[in-house]
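Here are the chains, one letter per residue:
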Amino acid sequence: MYAMQGLQPFEAIAIWAVFGIAILGLLYAIFLRSQILREDKGTEKMQEVWNAIKDGADTYLRRQLRSILPLIAILTVALFFSVYIVPPSPEALERFEGVDPNTVRLWIGIARALAFIMGAGFSLAVGQIGMRMAVEANVRVASASRRGFGEALRIAYRAGTITGMLTDGLGLLGGTIIFILLGIAAPDALLGFGFGGTLLALFMRVGGGIFTKAADVGADLVGKVEAGIPEDDPRNPAVIADLVGDNVGDCAGMAADIFESYEVTIVAGLILGIALWNITGRLEWIIFPLLVRGIGVLSSIVGTYFVRAGKTGKSEDAMQAIFSGFLTSAVISAVLFFIAGFIYLNNQAMDQWGGWWRLPTAVGVGVLLAILIDRLTEYFTGTHAAPVNDIKRSADTGPATLILNGVSVGFESSVWSVLVIALTIVASIFIFGTIPGVDGVARATFILYGVAMTGIGMLTLTGNNVAMDSFGPIADNANGIGEMSWSGQTDKATREAKQIMADLDAVGNTTKAITKGVAIGSAVIAAVALFGSFLVDVSRAQAGLGIPVEQQIQTIGIRVDVPQVFVGVLLGAALPWLFSSFAIQAVARAASLIVIEVRRQFKLGVLEGKVKPDYRQAVAISTTAAQKELVSLALLGVVTPIVIGLTLQVEALGGFLAGIIVSGQLLAVFLNNSGGAWDNAKKLIEDEPKDIAGNTGKGSERHKAGVVGDTVGDPFKDTAGPALNPMIKVVNLVSVIIAPIVVQYSGATGSTLIMVWVVALVLLGVLTWAVIRSKAPAPSMMMEAKAVGAPRTK
C-alpha cells in the first residue's frame with residue numbers, strides 16, 4: 001500500500017495503528033455497554049415510566065428516519081454527478097495514474113456517493129445507539145441514587161462515554177478507511193463523508209430540538225406556572241413527552257452534531273494538507289492529523305477513569321470530578337502530540353518548513369481553546385458564578401427583568417467567545433505565518449492549515465465532550481423517573497435520593513451548556529478551515545480553466561468592495577437569523593397546542609385523580625411538529641449556497657460564507673448561553689428553602705418568574721442555538737462541493753447559460769417552498785388545534 005501511495009514504512013504502520021485505535025474505541029464502547037446493562041433497573045414503577053420513555057423515543061426516531069430517507073437518496077445521486085460533470089482533480093489523476101480520466105471521474109463519483117452514505121449512516125448510528133444507551137442508563141442511575149452519589153455519577157458518566165467512544169471510533173474509522181483506499185485523492189470522497197454526517201446531524205438537531213422544547217415549554221407553563229405542581233409530576237400529561245425529548249434532542253442530536261464536527265475538521269485538515277503537499281512535497285501534513293485523532297481516542301479512554309465523586313457528594317463535587325477527567329485527557333493528549341511530533345516530524349525535510357514543533361503546537365492550541373471555552377461557558381451558565389446568580393436575584397422584580405438580565409448575559413458571552421476564537425486564529429498566524437521563505441498564497445495556505453489543526457486539537461477530546469453532554473439528559477431523565485416513581489414518598493432514603501438526582505441534574509445543565517459551547521466553537525473553527533478549502537478548490541478549478549495565478553481567488557482574495565460580494569456577505573449574515581426564527585416558531589406553535597391539551601386534560605380531573613393522564617397526545621403533537629420542519633429547514637442550508645453561487649458567482653459565494661460564519665457564531669453563543677443561564681437560575685430558585693410567606697422556593701412568584709425565563713430560553717439553548725452548528729457546516733460543505741461547478745460554468749453563454757439559470761430558478765422555487773412550509777402549521781396540527789378548541793393558525 002505505502003509503495004503505491006508514496007508512504008514510508010513507518011507512515012503505513014502508523015495509519016494501520018490509527019485504524020486499530022478506531023476499532024479499540026468501538027470495543028471499549030461495547031465493554032462499557034455490558035457494564036451498564038448489568039446495573040439494577042429499580043422498582044416495577046420505575047421500569048413502567050422508563051418503558052414509556054423508551055417507546056416514545058423509539059417511535060419518534062423511526063418516523064424521523066422515514067422522513068429523511070428520500071432526501072438522502074436524492075442527494076446521493078447529486079453528489080455522484082457533482083464529481084462527474086467537472087474534470088477530475090490532479091490528485092485523483094495522480095492516484096489513478098494511467099487510468100482514463102472519464103473512468104477516474106466515475107470512480108471518484110461513486111466514492112463520494114458511497115462516502116456520503118457512510119457518513120450519514122455513521123452519524124445516524126452514533127445518534128440512535130447513543131440515545132438508546134442513554135435511555136438504558138437513566139433508570140439505572142435513578143436506582144443507583146438510593147445507593148449513593150458516587151454510584152449514580154459513575155453510571156451516568158460512563159453511559160455517556162459509550163456515545164463518546166462511538167463518535168470517536170466511527171469518525172476515525174470512516175476517515176481512515178477512505179484515506180487507505182484513496183490516498184491523496186481522499187478529499188474528493190471525504191467531502192461526501194463530511195456532508196453525510198453533517199446533514200444527518202442537522203436533521204437530528206432540528207427534529208429533536210423542536211420535539212423536546214415543545215414538550216418542555218408546554219409542560220412547564222401549565223404544570224409549574226398555572227397549576228403549581230412540581231416538575232416531572234406524573235399528573236402532567238406532557239411529562240413523558242418532555243422526558244422523551246431529552247433523549248431525542250440532547251442525546252441523539254448532540255451526539256450526531258459533535259460527530260459531524262469531528263468529521264468536518266479532519267476533512268478540512270486533509271484538503272489543506274494536500275494543498276501543502278503540492279507546495280512542499282511532504283506527506284507529513286496529511287498523516288499527522290490522523291495520528292492526532294488516534295491519540296485523542298486513547299486519551300479519552302484513560303480520562304474516563306478519573307471521573308470519581310469526592311467526599312461531599314454535592315453538585316460542585318461532581319462538576320469538579322468531570323472536569324478532572326477532561327483535564328487529565330487534555331494533558332495526556334498534549335504530551336503525546338509533542339512526542340509523536342518529535343518522533344515523526346523531526347527531520348531535515350520538515351526543518352525546511354519551520355521545524356517539527358509547529359504542528360503539535362497548533363494542535364495544543366486547539367486543546368487549550370476547548371478548555372477556555374469550557375471555563376468560559378461554565379462561568380456564564382454555571383450556578384456558582386456571578387451571571388446566573390444575578391439573574392436569580394432579578395426574579396425579585398418579575399419575569400421581565402429576569403429575561404432582560406439573561407439577554408445581557410448572552411450578549412456578553414458571545415463577545416468573549418469570539419475573542420477567544422480570534423486569538424486562536426491569531427496564534428495560527430504566529431505559528432505558521434512566520435515560516436522563513438514562505439509568503440503570498442503559500443503563507444495563507446499554511447495559516448489556514450494551522451486553523452484546521454487547532455480544530456482537530458479542539459475535538460481531540462471528543463469522547464470526553466460527548467460523555468459530558470450525554471450525562472445531562474441521562475441525569476435529567478433519571479431525576480424525572482425518580483419524581484414520577486417516588487411521588488408521595490417522604491422517607492429519608494427517598495429524600496436523599498431525590499437530592500442526589502437534583503444535584504446531578506443541575507450539573508447536567510452546566511455540562512450540556514459547556515459541550516454546546518465547545519460544539520459552537522468547533523463549528524466556527526471548522527467553518528474557517530473549510531473556507532480555506534473553498535479558496536483552494538476554487539483556485540484549482542480556475543487554474544484548470546487557464547486563468548492566470550494573479551487572477552485566481554487565492555491571490556486577489558474576497559473583496560467586499562465588489563457589490564455582488566457584499567450582497568453575498570449580507571445574505572450569509574441573514575441566513576442564521578431566518579433559520580433560528582423558523583425553528584423557534586415551530587416550537588412556539590407546538591408548545592401552544594400542548595398547553596391547550598394539558599389544560600383540557602386538567603379540566604377532565606387529572607389533577608384530582610378522577611382520570612389518568614393521556615401521555616400519548618403530547619408525544620403525538622411534538623412528533624408532528626418536529627417531522628414537519630426536517631426537510632424544509634435542511635433545504636435552507638443545502639439550496640441557498642447553490643443559488644448564491646449560480647446567480648452571483650463564486651466570489652459572492654465566498655462572501656456568503658464569511659457572513660454566515662461571523663453572524664452564526666455570535667447568534668449561536670448568545671442563544672446557548674442565555675438559555676443555559678435562565679435554566680440554572682430557575683434551578684437555584686427551586687433549591688431555595690421556602691419561607692412562611694411563600695416568597696421563596698418552588699411555587700413562589702420568584703419561581704414563576706424563573707420558569708418564564710426558562711421557557712423562553714428552552715428553544716434558544718436546545719433548538720435554534722445547537723442547530724446552527726450543523727447548519728453553518730452544511731452551507732460550507734455544499735459551497736466547497738459546488739465551487740468547481742460554479743467556476744466551470746461562470747463564463748457560460750447561449751444554451752448553457754440558459755440551462756444554468758433554469759437550474760437556479762428551480763432551486764429558488766424549492767427554497768421558496770421550504771420557507772412557506774416552515775411558516776405554515778402541519779395539517780394534522782391544525783386538526784388537533786381545532787379538536788381541542790384552539791384558534792386556528794393562519
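See the structure shown above.
First, a word on what this report is: a plain description of the structure on this page. (Residues numbered from 1 in each chain as written. Predicted model: local features only at pLDDT ≥ 70, side-chain atom pairs only at ≥ 80, totals over all residues. Heavy atoms only, no water.)

## As for a nonpolar patch on the surface
Part 1 of the argument: Together, Val 77, Phe 81, Tyr 84, Ile 85, Leu 106, Trp 107, Ile 110, Leu 114 and Ile 117 line one region of the surface with nonpolar side chains, adding up to about 770 Å² of accessible area.
Part 2 of the argument: At the level of elements, helix 3 (44-84) and helix 5 (101-144) are the ones that each hand at least two residues to the nonpolar patch.
Part 3 of the argument: One can find Val 77 in helix 3. (Patch = residues over 30% accessible without salt bridge, like charges linked within 9 Å, V, L, I, M, F, W, Y side chains within 5 Å. Areas by Shrake-Rupley, 256 points an atom, 1.4 Å probe, with all protein chains shown as cover. Salt bridge = Lys/Arg side-chain N within 4 Å of Asp/Glu carboxyl O. Helix = DSSP H or I, 4+ residues; strand = E, 2+ residues; numbered from the N terminus.)

## Here we look at the pattern of salt bridges
Part 1 of the argument: Within the structure shown, the criterion is met by 29 salt bridges.
Part 2 of the argument: Arg 154 is the partner of Glu 39 in a salt bridge, and the nearest nitrogen-oxygen pair spans 2.8 Å. With a gap of 115 residues between them, Glu 39 in the loop between helix 2 (9-37) and helix 3 and Arg 154 in helix 6 (residues 149-182) connect regions that are remote in the sequence.
Part 3 of the argument: For Glu 39, a relative accessible area of 18% translates into the label buried.
Part 4 of the argument: Note on Arg 154: relative accessible area 24%, which makes it partly exposed.
Part 5 of the argument: A salt bridge links Arg 616 to Asp 614; the nearest nitrogen and oxygen atoms lie 3.3 Å apart.
Part 6 of the argument: For Asp 614, a relative accessible area of 22% gives the class partly exposed. (Buried < 20%, exposed > 50% of the residue type's maximum accessible area, 1.4 Å probe, protein only.)

## Overview of the packing of helix 8 (residues 239-280) against helix 9 (residues 284-304)
Part 1 of the argument: Between helix 8 and helix 9, the shortest axis-to-axis distance is 7 Å and the interhelical angle comes to 150 degrees. The pairing of helix 8 with helix 9 is recorded here as roughly antiparallel in orientation. In this structure, helix 8 uses Tyr 262, Thr 265, Ile 266, Leu 270, Gly 273, Ile 274, Leu 276, Trp 277 and Thr 280 to contact helix 9, whose residues at the interface are Trp 285, Ile 286, Pro 289, Leu 290, Arg 293 and Val 297.
Part 2 of the argument: Of the residues that constitute the contact of helix 8 with helix 9, the class distribution is eleven nonpolar, three polar and one charged. (Axes fitted to C-alpha atoms, helices over the stretch in contact; angles between N-to-C directions. Parallel < 35°, antiparallel > 145°, perpendicular 65-115°, else oblique. Contact = heavy atoms within 4.5 Å. Nonpolar A, V, L, I, M, F, W, Y, C, P; charged D, E, K, R; others polar.)

## Comments concerning the side chain of Asn 673
Part 1 of the argument: Assignment of secondary structure puts Asn 673 in helix 20 (residues 615-686).
Part 2 of the argument: Under the relative-accessibility criterion, Asn 673 is labelled buried at 3%.
Part 3 of the argument: Residues within four places of Asn 673 in sequence aside, it is in contact with Thr 377, Thr 381 and Ser 413.

## Some words on the environment of Val 639
Part 1 of the argument: Mapped onto the elements of the fold, Val 639 is located in helix 20.
Part 2 of the argument: A relative accessible area of 4% places Val 639 in the buried class.
Part 3 of the argument: Remark: the alpha-carbon pair of Val 639 and Ser 329, spanning 310 residues in sequence, is separated by 40 Å.
Part 4 of the argument: Residues contacting Val 639, with those up to four places away along its chain left out, are Leu 763, Val 766 and Leu 767.

## Focus on the packing of helix 7 (residues 186-226) against helix 20
Part 1 of the argument: In contact at an axis separation of 9 Å, helix 7 and helix 20 are set at 35 degrees when each is read in the N-to-C sense. As for the relative orientation of helix 7 and helix 20, their crossing is left-handed in sense.
Part 2 of the argument: For the contact of helix 7 with helix 20, the class distribution of residues is 17 nonpolar, three polar and four charged. (Left-handed = near helix turned anticlockwise from the far one by under 90°.)

## Overview of the packing of aromatic side chains
Part 1 of the argument: For the coordinates displayed, the defined rule picks out 21 aromatic pairs.
Part 2 of the argument: Relative to Phe 326, the ring of Phe 323 lies with its centre 6.3 Å away and its plane at 20 degrees, an arrangement referred to as stacked. With a gap of three residues between them, Phe 323 and Phe 326 both fall in helix 10 (residues 315-345), about one helical turn apart.
Part 3 of the argument: By relative accessible area, Phe 323 is classed as buried at 17%.
Part 4 of the argument: The class for Phe 326 is buried, based on a relative accessible area of 0%.
Part 5 of the argument: Put simply, the rings of Trp 285, Trp 353, Phe 432, Phe 446 and Tyr 449 touch in pairs and so form one group of aromatic residues.
Part 6 of the argument: One residue, Arg 293, lies across the ring of Tyr 262, its end atom 3.9 Å from the ring centre. (Phe/Tyr/Trp six-rings, centres within 6.5 Å; stacked < 30°, edge-to-face > 60°. Lys NZ or Arg CZ within 6 Å of the ring centre and 35° of its normal.)

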